[in-house]
There are 2 protein chains.
Amino acid sequence: MAFNLAPLQNLIDQFERMQGIGHKTAQRMAFYVLGLSAEQAKEFAKAITDAHTKIKQCSVCCDLADEELCPICKSNTRDKSVICVVEDPRDVAAIERTHEYKGTYHVLHGAISPMDNIGPDQIRIKELMARLNDDTVEEVIMATNPTVEGEATAMYISRLLKPLGITVSRLAYGVPVGADLEYADEVTLSRALEGRSLI
Amino acid sequence: MAFNLAPLQNLIDQFERMQGIGHKTAQRMAFYVLGLSAEQAKEFAKAITDAHTKIKQCSVCCDLADEELCPICKSNTRDKSVICVVEDPRDVAAIERTHEYKGTYHVLHGAISPMDNIGPDQIRIKELMARLNDDTVEEVIMATNPTVEGEATAMYISRLLKPLGITVSRLAYGVPVGADLEYADEVTLSRALEGRSLI
């Protein structure tokens, strides 16, 4: 459904460009904006430009940061001898929610995927290697996604790291806690069997 | 999941305030914004303020407009003797899509709903009555939603209009085209029986 009003149609188009937002949702969102007070609409627009201009990448771990260093790299209480390598800033947030991990992170911003023309140089592997020069790092935990691309990336990086004498580990595979065995796929189940532990 | 970065968290909160947008979607939308180019982000923010400042209500029919009059009220080819009364600007767009209706509209911006403290004075009934003074209008079609509130609004307005000698009609009720009779609710079916026509 096209509206005759250019400013409205333009806003709908802007929302619709987002992944996972269909035409109806984009339209509802545009009407939400029209329903805001002038003050609120200004704040909304400002939030977009602010987020875009103020958020950069941490110069050490490449996670999102609004300063030179992200809060984790800046902290004195984090264990700098362990680096957990993830694909995306959202993965950092997911691991932080466990409150179990006390080391630092490295965000690759993607995974090696020849199909999409993403090679080792397109993701932040160089930056990771640069962090390993001063002997503080003892272990690197590969926490890339359990997908073909994530696996390939983990393998590639582990081959670069092993000659340096750094321990490289990988997140455990297995059935998710709370899930139903019946619905687990075969690959996950066979990995869970392989990785079984004594009780 | 809370991010430590205020500008990012603020943007997520802004998206999350929209109806029907959950936390995960808001987060994905915020990351979409971070992934835009500086130019695109500026355009997105501008689309919001533009839509908000440029779009007002048509001074005749209360539909959305970016000038004094909406394109339909301004047009010479529309039949000014018929007014179709709807609750929302989106309803105008829905009826326009049929390409069947050649009259004008009146947008109430809501329906009478005592439960939500919305009385006749909170919606654009006064503005509708003002359009009926010069005898050009012969028929008013009530196209409010087929809900309790929409019905009550249609009844209320028709009682105001009948003493003025204006024909008041209501959209037909019945089974939607393409639907399965089996799944039609009883009220719709009995209305469809009542309103049956000869073939």
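Since the model is a prediction, treat every value here as computed from it, not as a measurement.

K.L.:
Account for the sheet that holds strand 3 (residues 79-86) of chain B, naming residues and giving values.
P.N.:
All names here are of chain B. On the basis of which strands lie adjacent, the open sheet formed by four strands has the order 4-3-5-6 and parallel pairing. The open sheet has two edge strands, strand 4 (103-107) and strand 6 (167-170), and neither has a second partner. Across this sheet, the average inter-strand angle for adjacent strands is 25°, counted without regard to direction. In terms of strand pairing, strand 5 (residues 139-142) meets strand 6 through four bridges, oriented parallel.

K.L.:
Can you break down the packing of helix 1 (residues 6-16) of chain A against helix 3 (residues 38-54) of chain B residue by residue, with the values?
P.N.:
For any two helices packed against each other, the geometry is given by the interaxial angle and the distance between the axes. Between helix 1 of chain A and helix 3 of chain B, the least distance of the axes is 8 Å, while the angle of their chain directions is 145°. Note on packing geometry: the crossing formed by helix 1 of chain A with helix 3 of chain B is left-handed. Each of Pro7(A), Asn10(A), Leu11(A), Gln14(A) and Phe15(A) in helix 1 of chain A lies in contact with helix 3 of chain B, whose residues at this interface are Glu43(B), Phe44(B), Ala47(B), Ile48(B), Asp50(B), Ala51(B) and Lys54(B). For the contact of helix 1 of chain A with helix 3 of chain B, the class distribution of residues is seven nonpolar, two polar and three charged.

K.L.:
Which residues make up the nonpolar core, and what values go with them?
P.N.:
Among the nonpolar cores identified, the biggest contains 45 residues, and Leu8(A), Phe15(A), Phe44(A), Phe15(B) and Phe44(B) are the most heavily contacted of them. The element that contributes the greatest number of residues to this core is helix 2 (residues 23-34) of chain A, accounting for seven residues.

K.L.:
Requested: an account of the side chain of Gln14(A), with residues and values cited.
P.N.:
Tracing the backbone shows Gln14(A) in helix 1. Aside from chain neighbours lying at most four places away, what touches Gln14(A) is Tyr32(B), Glu43(B), Phe44(B) and Ala47(B).

K.L.:
Before we move on, could you go through the pairing of strand 5 (residues 139-142) of chain A and cite the residues and values that matter?
P.N.:
Residues and elements named next belong to chain A. Pairing geometry for strand 3 (residues 79-86) and strand 5, over four bridges, is parallel. Residue pairing in the sheet places Ile83 in a bridge with Val140 of strand 5. Of the crossover connections in this fold, the one passing from strand 5 over helix 7 (residues 148-161) to the parallel strand 6 (residues 167-170) is right-handed.

K.L.:
Before we move on, can you summarise the interface of chain A and chain B with the specific residues and values?
P.N.:
Every contact between the two is made by 49 residues of chain A and, on the other side, 49 residues of chain B. Counting the surface lost from both chain A and chain B, the interface buries some 4400 Å², and carbon and sulfur atoms represent 76% of this. Looking only at chain A, the three residues that lose the most surface to chain B are Ile48(A), His52(A) and Arg90(A), adding up to 15% of its buried area. At the junction of chain A and chain B, the tally comes to two residue pairs in polar contact (both at pLDDT 80 or more). Put simply, the parts of the chain that give the side of chain A that touches chain B at least two residues each are helix 1, helix 2, helix 3 (38-54), strand 2 (64-65) and helix 5 (89-96) of chain A.

K.L.:
Any chance you could break down the relation of the copies chain A and chain B for me, citing the residues and the numbers?
P.N.:
A rotation about some axis, followed by a shift along it, carries one copy of the chain onto the other. Mapping chain A onto chain B calls for a screw motion: a turn of 180° about the axis and a shift of 0.0 Å along it, with 0.1 Å RMSD after fitting. With respect to symmetry, the two chain copies, as superposed, fit the operation of a two-fold axis. Within chain A, Ala45(A) has its C-alpha nearest the rotation axis, a separation of 2.2 Å.

How each quantity is defined
Residues numbered from 1 in each chain as written. Chains lettered and ligands numbered in written order. Predicted model: local features only at pLDDT ≥ 70, side-chain atom pairs only at ≥ 80, totals over all residues. Heavy atoms only, no water. Pairing = 2+ DSSP bridges. Helix = DSSP H or I, 4+ residues; strand = E, 2+ residues; numbered from the N terminus. Axes fitted to C-alpha atoms, helices over the stretch in contact; angles between N-to-C directions. Left-handed = near helix turned anticlockwise from the far one by under 90°. Contact = heavy atoms within 4.5 Å. Nonpolar A, V, L, I, M, F, W, Y, C, P; charged D, E, K, R; others polar. Core = buried A, V, L, I, M, F, W, Y, C linked by side-chain atoms within 4.5 Å. Buried < 20%, exposed > 50% of the residue type's maximum accessible area, 1.4 Å probe, protein only. Right-handed = clockwise from strand over helix to strand, strands pointing away. Buried area = accessible area lost by both parts, 1.4 Å probe. Polar contact = N/O pair within 3.5 Å; in protein donor to acceptor, adjacent residues only side chain to side chain. Least-squares fit on C-alpha atoms with pLDDT ≥ 70 in both.

The values are spatial; any link to function lies outside them.
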